[in-house]
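Coordinate analysis (summary)
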Amino acid sequence: MQIVAIVLVGALLTWLFFMLLVAYILFVLHLKKRKPDTWARIDYGENPEQDQMYKRGKAWSEEHSSCKEDVHIVNDGLNLYGEYYDFGHKKAVLIVPGRSDSLTYSYYFAKPYEKAGYNVLVIDMRAHGLSEGKYNYIGFREYRDILKWLDLLRNQYGIESVVIHALCVGAQSVVKALVDQNCPDYIQAFVVEGMYTTFYETFKNHTIYCGHKPFPVVNLMEVWMRMFTHNTLFWGPINVIDKIKIPVLMLHGKEDIFSLPEKAVELYEKCGSETKELVWFEKGLHSQLRITNEERYDEAIVEFLRRVSR
């Protein structure tokens, strides 16, 4: 009987070690910058629609190259880089991309803001593009970078009001910045596409999509998350969205299988803003809504900004 118990305990420990190893591999693959070209600036997508997004975004950037200025800040000892498109306005949009995307992905979302009379700032989040960094902290440190970029817009370019447009995990960085005590009062509105409740929730859905069972591997990623970044997978916008008071426009797809539609409704209902709107799109993958209906996407943003304009 004692031998059987020893064998069972040994088997359990072996299984747990294997699960922890798989969880570590996932953590490294998805949240650590493994080599210099990881999360680099690119101009192509993984599927035809995303590829078109990159191409159209690049065309927008090239069309306005005469208005572009390379910009740089230092935060937490890291050199962070971006591009500023100055169209001569006193308003600007800061576009915050999602995990694994650099500023070249953000180009595609700039057009409606240019149309609405905003200058455009696109950035490489830490560890992405040209910016320095080792990990994606899923917003727990990146939010401080957001605040620093806002300071740049105000102090260097004299911008009087800012709209922040965020995608997926970029939303978590922005939400943390918006509820921080140091957040400036010149943020006009928050526009967000594909916002999730917690990173655990969206990564669990991603794992299921890839044909794997999320438990216990995704849960065990928490061990490595805490060890290397001192943060948690289980905190997200849902924890503090009730504290956001500025106008919020949520753009969400009914086909989003990573940030589920019912979770978007939960976020919308809990959002503390008195001026909030949830716009649904029938088609479109996660963070790929605009390509399905550019006219409606842009119109939703322009009309919302007109209503909340200061």
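That block above? That's the structure.
Presented here is a report on the structure given in the accompanying data block. These figures come from a predicted structure and were not determined experimentally.

Summing up its helical and strand segments, the chain has 10 helices and eight strands in all. When the backbone C-alpha atoms are referred to their principal axes, the chain occupies close to 80 × 40 × 40 Å. Residues counted as buried form 55% of the 310 residues belonging to the chain. Taking all contacts inside the chain whose residues are at least 6 apart in sequence as the whole, residues at least 24 apart take part in 76%. Counting only carbon and sulfur atoms, one obtains 54% of the accessible surface of the chain, whose full area is about 14200 Å².

Considering all chains together, one arrives at 22 aromatic pairs under this definition. Measuring from ring centre to ring centre gives 5.7 Å for F27 and F228, while their planes differ by 20°; the resulting arrangement is stacked. Of this pair, F27 sits in helix α1 (residues 2-31) while F228 sits in helix α8 (residues 217-229), placing them 201 residues apart in sequence. Ring centres 5.9 Å apart and planes at 75° place the aromatic pair Y135 and Y137 in the edge-to-face group.

The next thing to look at is the packing of α1 against α8. Think of two packed helices as two axes; the pair is described by the angle between the axes and how far apart they sit. At a closest axis distance of 8 Å, the pairing of α1 and α8 adopts a crossing angle of 65°. Judged by the sense of rotation from one axis to the other, the crossing of α1 with α8 is right-handed. The segment α1 lies against α8, with L16, M19, L20, V22, A23, Y24, L26, F27 and L31 engaging V217, L220, M221, V223, W224, M225, F228 and T229. Counted by class, the contact of α1 with α8 contains 16 nonpolar, one polar and no charged residues.

This part is about the side chain of S131. Mapped onto the elements of the fold, S131 is located in the loop between β4 (119-123) and α5 (142-157). One polar contact links the side chain of S131 to the main-chain amide nitrogen of Y81, over a distance of 2.9 Å. Beyond its immediate sequence surroundings of up to four residues, S131 is in contact with N79, L80, Y81, D124, M125 and R126.

End to end, α5 covers 22 Å across 16 residues, agreeing with the expected 22 Å (1.5 Å per residue, within 8%). If you check which residues of α5 are buried, you get E142, Y143, D145, I146, L147, W149, L150, L152, L153 and Y157. Among the residues trailing α5, G158 stands out with phi positive, at a value near 65°.

With that settled, the discussion passes to the sheet that holds strand β2 (residues 78-85). Strand order in the open sheet formed by eight strands is β1-β2-β4-β3-β5-β6-β7-β8, and the pairing between neighbours is mixed. Of all strands in the sheet, those bounded by a partner on one side alone are β1 (68-75) and β8 (276-281). Neighbour-to-neighbour, the strand axes of this sheet turn through a mean angle of 20°, independent of strand direction. Strand direction decides the pairing type here: strand β3 (residues 91-96) and β4, joined by four bridges, are parallel. Residue pairing across strands places A92 opposite N119, the latter belonging to β4. Taken strand by strand, helix α6 (residues 169-178) contacts β3, β5 (161-167) and β6 (187-193), and its axis lies near 145° from that of β5.

This paragraph deals with a nonpolar patch on the surface. There is a patch of nonpolar side chains on the surface, built from F17, F18, L21, I25 and L29 and spanning about 500 Å² of accessible area. Assignment of secondary structure puts L29 in helix α1.

The next subject is the environment of K32. Along the chain, K32 falls in the loop between α1 and α2 (48-63). Between the C-alpha atom of K32 and that of I301, which follows or precedes it by 269 residues, the distance is 33 Å. Setting aside chain neighbours within four positions, we find K32 in contact with F27, T38, W39, K134 and Y135.

Here the residue pair F215 and P216 is connected by a cis peptide bond, since its omega of 5° sits within 30 degrees of zero. Turning to its location among the elements, P216 is positioned in the loop between α7 (199-209) and α8. Not every positive phi belongs to a glycine, and W39 is a case in point at roughly 55°. On the secondary structure map, W39 appears in the loop between α1 and α2. Overall, W39 belongs to the buried group, its relative accessible area being 9%. Within the chain, H230 stands out as a residue other than glycine whose phi angle is a positive 60°. Inspection of the secondary structure assignment puts H230 in the loop between α8 and β7 (248-253).

Rules used in this analysis
Residues numbered from 1 in each chain as written. Predicted model: local features only at pLDDT ≥ 70, side-chain atom pairs only at ≥ 80, totals over all residues. Heavy atoms only, no water. Helix = DSSP H or I, 4+ residues; strand = E, 2+ residues; numbered from the N terminus. Buried < 20%, exposed > 50% of the residue type's maximum accessible area, 1.4 Å probe, protein only. Contact = heavy atoms within 4.5 Å. Areas by Shrake-Rupley, 256 points an atom, 1.4 Å probe, with all protein chains shown as cover. Phe/Tyr/Trp six-rings, centres within 6.5 Å; stacked < 30°, edge-to-face > 60°. Axes fitted to C-alpha atoms, helices over the stretch in contact; angles between N-to-C directions. Left-handed = near helix turned anticlockwise from the far one by under 90°. Nonpolar A, V, L, I, M, F, W, Y, C, P; charged D, E, K, R; others polar. Polar contact = N/O pair within 3.5 Å; in protein donor to acceptor, adjacent residues only side chain to side chain. Expected span 1.5 Å × (residues − 1). Pairing = 2+ DSSP bridges. Patch = residues over 30% accessible without salt bridge, like charges linked within 9 Å, V, L, I, M, F, W, Y side chains within 5 Å. Salt bridge = Lys/Arg side-chain N within 4 Å of Asp/Glu carboxyl O.

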